[in-house]
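For reference, the chains in residue letters:
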Amino acid sequence: MKSATPKVLHEICGRSLVGHVLAAAGELQPEHLVVVVGHAREKVTAHLAEIAPDVRTAVQAEQNGTGHAVRMGLEELGGSVDGTVVVVCGDTPLLTGETLRKLAETHAADGNAVTVLTAEVPDATGYGRIVRDEASGAVTAIVEHKDATEEQRAIREINSGVFAFDGALLADALKKVRTDNSQGEEYLTDVLGILREAGHRVGAALAGDHREIAGINNRVQLAEARRILNERLLTQAMLSGVTIVDPASVFVDVSVTFERDVVVHPGTQLLGATHLGEGCEVGPNSRLTDTRVGAGARVDNTVSLGAEVGEGASVGPFAYLRPGTRLGRKGKIGTYVETKNATIGEGTKVPHLSYVGDATIGEYTNIGAASVFVNYDGQDKHHTTVGSHCRTGSDNMFVAPVTIGDGAYTAAGSVITKDVPPGSLAVARGQQRNIEGWVARKRPGSAAAKAAEAASRGSAEEG
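Predicted model, so just to flag it, every value in this text is computed and none were measured.

1. So, the overall build of the protein
A count of helical and extended segments in the protein gives 10 helices and 36 strands. Each principal axis of the C-alpha distribution contributes one length, and for the protein these read about 115 × 45 × 40 Å. In the protein, buried positions account for 43% of the 463 residues. Taking as baseline every contact in the protein between residues at least 6 positions apart, the subset at least 24 positions apart corresponds to 35%. When the accessible surface of the protein is split by element, carbon and sulfur atoms take 49% of a total near 23300 Å².

2. Regarding the environment of Gly324
Among the structural elements, Gly324 can be located in the loop between β24 (319-321) and β25 (326-327). As for Gly324 and Asp358, which are separated by 34 residues in sequence, their C-alpha atoms are 8.8 Å apart. Ignoring anything within four residues of it in the chain, the contact list for Gly324 reads Gly306, Asn341 and Ala342.

3. Concerning a nonpolar patch on the surface
Taken together, the side chains of Phe318, Tyr336 and Leu353 present a nonpolar region at the surface, about 340 Å² in accessible area. Within the secondary structure layout, Tyr336 lies in strand β26 (residues 332-344).

4. A closer look at the pairing of strand β7 (residues 129-132)
Bridging between β7 and strand β8 (residues 139-143) involves 4 bridges; their strand directions are antiparallel. Counterpart to Ile130 in the pairing with β8 is Ile142. Hairpin geometry of β7 and β8 is characterised by an intervening segment of 6 residues between the two adjacent antiparallel strands and by a positive phi of about 80° at Gly137.

5. What to know about the pattern of salt bridges
For the coordinates displayed, the defined rule picks out 18 salt bridges. Across the salt bridge formed by Asp91 and Lys7, the nearest N and O atoms sit 2.8 Å from each other. Here the residue Asp91 occupies a position in the loop between β5 (84-87) and α4 (97-110), and Lys7 occupies one in the segment before β1 (11-12), the gap between them amounting to 84 residues. Take Asp91: its relative accessible area is 13%, and that puts it in the buried class. By relative accessible area, which is 27% here, Lys7 ends up partly exposed. In this structure, Glu224 and Arg227 form a salt bridge, with 2.7 Å as the shortest nitrogen-oxygen distance. Of this pair, Glu224 and Arg227 both sit in helix α8 (residues 219-239), 3 residues apart, which is roughly one turn of the helix. Overall, the relative accessible area of 37% leaves Glu224 in the partly exposed class. Salt bridges sharing common partners tie together Arg71, Glu75 and Glu186.

6. Some thoughts on unusual backbone geometry
Among all residues except glycine, the phi angle is most often negative; among peptide bonds, the trans geometry is most common. That bond from Gly283 to Pro284 is cis: its omega, 5°, falls within 30 degrees of zero. One can find Pro284 in the loop between β17 (281-282) and β18 (287-289). Here the bond from Gly316 into Pro317 is cis, since omega is 5°, no more than 30 degrees from zero. Here Pro317 is to be found in the loop between β23 (314-315) and β24. Here the phi dihedral of Asp261 falls at roughly 65°; this positive angle occurs in a residue that is not glycine. Here Asp261 shows up in the loop between β13 (257-258) and β14 (263-264). Judged by relative accessible area, Asp261 falls into the partly exposed class, the value being 49%. Despite not being glycine, His389 shows a phi value in the positive range, around 55°. Locating His389 in the fold gives a position in the loop between β30 (384-386) and β31 (391-392).

7. Digging into the environment of Val386
Secondary-structure assignment places Val386 in strand β30. Sequence separation between Val386 and Phe398 is 12 residues; the distance between their C-alpha atoms is 9.7 Å. Contacts of Val386, omitting those with residues within four sequence positions, involve Thr360, Ile361, Gly362, Thr365, Ile367, Phe373 and Ile404.

8. Let's talk about the packing of helix α3 (residues 66-76) against helix α6 (residues 167-174)
Axis separation between α3 and α6 bottoms out at 10 Å; the angle between their running directions is 125°. Classified by the angle between their axes, α3 and α6 sit oblique to one another. By crossing handedness, the relation of α3 to α6 is classed as left-handed. When α3 is examined against α6, the residues Gly67, Val70, Arg71 and Leu74 are found in contact with a partner set consisting of Leu170, Ala171 and Leu174.

The rules we used
- Residues numbered from 1 in each chain as written.
- Predicted model: local features only at pLDDT ≥ 70, side-chain atom pairs only at ≥ 80, totals over all residues.
- Heavy atoms only, no water.
- Helix = DSSP H or I, 4+ residues; strand = E, 2+ residues; numbered from the N terminus.
- Buried < 20%, exposed > 50% of the residue type's maximum accessible area, 1.4 Å probe, protein only.
- Contact = heavy atoms within 4.5 Å.
- Areas by Shrake-Rupley, 256 points an atom, 1.4 Å probe, with all protein chains shown as cover.
- Patch = residues over 30% accessible without salt bridge, like charges linked within 9 Å, V, L, I, M, F, W, Y side chains within 5 Å.
- Salt bridge = Lys/Arg side-chain N within 4 Å of Asp/Glu carboxyl O.
- Pairing = 2+ DSSP bridges.
- Axes fitted to C-alpha atoms, helices over the stretch in contact; angles between N-to-C directions.
- Parallel < 35°, antiparallel > 145°, perpendicular 65-115°, else oblique.
- Left-handed = near helix turned anticlockwise from the far one by under 90°.

As structure tokens, this is what we get:
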């Protein structure tokens, strides 16, 4: 990956590669779930503690092959396990729980000692080929591409590296795996030959979609897996009653949820725990992270982090909702408005060109254009409260802590530093003074002076 981040911690669609694999494995409801960690194990273990604290880890201090890794996993469980052991790779984020369930069911139904998850691919170059017995369908060999005959290279069924084993037979066979190969490692695939020679059956379960078994080894493959998973998520959403106007330009995380009749416009990213309520519209060109949008709301050209948008509310275009924003039912946050840690009541409007931070605003209040809630004194944050049914003028500064009472008005251009009683008008600005003739004296011959002189002549002629 050419990265300081361990491969399995790279993310697609809001979840790490290993997180996707754990989610799929978890659908089997296994008695034990063990992750074998080696390279950069401190980072991987810390990540696992955050996303799956019940998962056990086994340390492979030296990377001595896949068979050695599985042996370390079994040793974490006491060396042997009764029942089925499913082995998956930590870099296969497209693998689904449904496919793993099919693998386990096939393994049990056929009475196999080991069952290989396989897939038929358009081009099998470089992959290990699955050779089957024509009569029974049992797997007789997995032949690597470099060792395959021309006839074997024509086989399109390949090994995925995912297996279901009889636990007791696996533990015994791992003790017999040799390291007399070019890498000097313990290969898990050698277990298949050991079990077959002992008279046990080796079977296979064919994955429905060969893309599920794809491993990630570089950024190109990471991007392709993201595209496939994103397409899968959008398809699920559309089949559940969501309109995605242009699926090619919409990106979602696995944790995003929708209700029916949602419309998502082009250029939109829905991330984290975002939830879109029934009949709402989002986009175009919006990025919502951990945001809840109420039924029938409209969010246009907006960036939102950890906010709540009430039913029937309107946001944007070009709004920025920061964490702690709570917009009430039928409220409005308009063009070029930024909010943070602000509760804005039902029917209240902040139409344009304003900053509302650390504030509580009541119901059906209108905040004038170019207003700023001055919440930071350089050391501490302070709170502003504006009541219900207030009308604040344009270009107001509310210097917190300050309270505007219910039904109060504030005049345009005011700097409000004191509480305003309910029903009052607050005026906090200097008296206007006009100095006549100033331009002619201070800017003689300028365009402004000429315009003023022409206007004065016109007024005199009209008079």
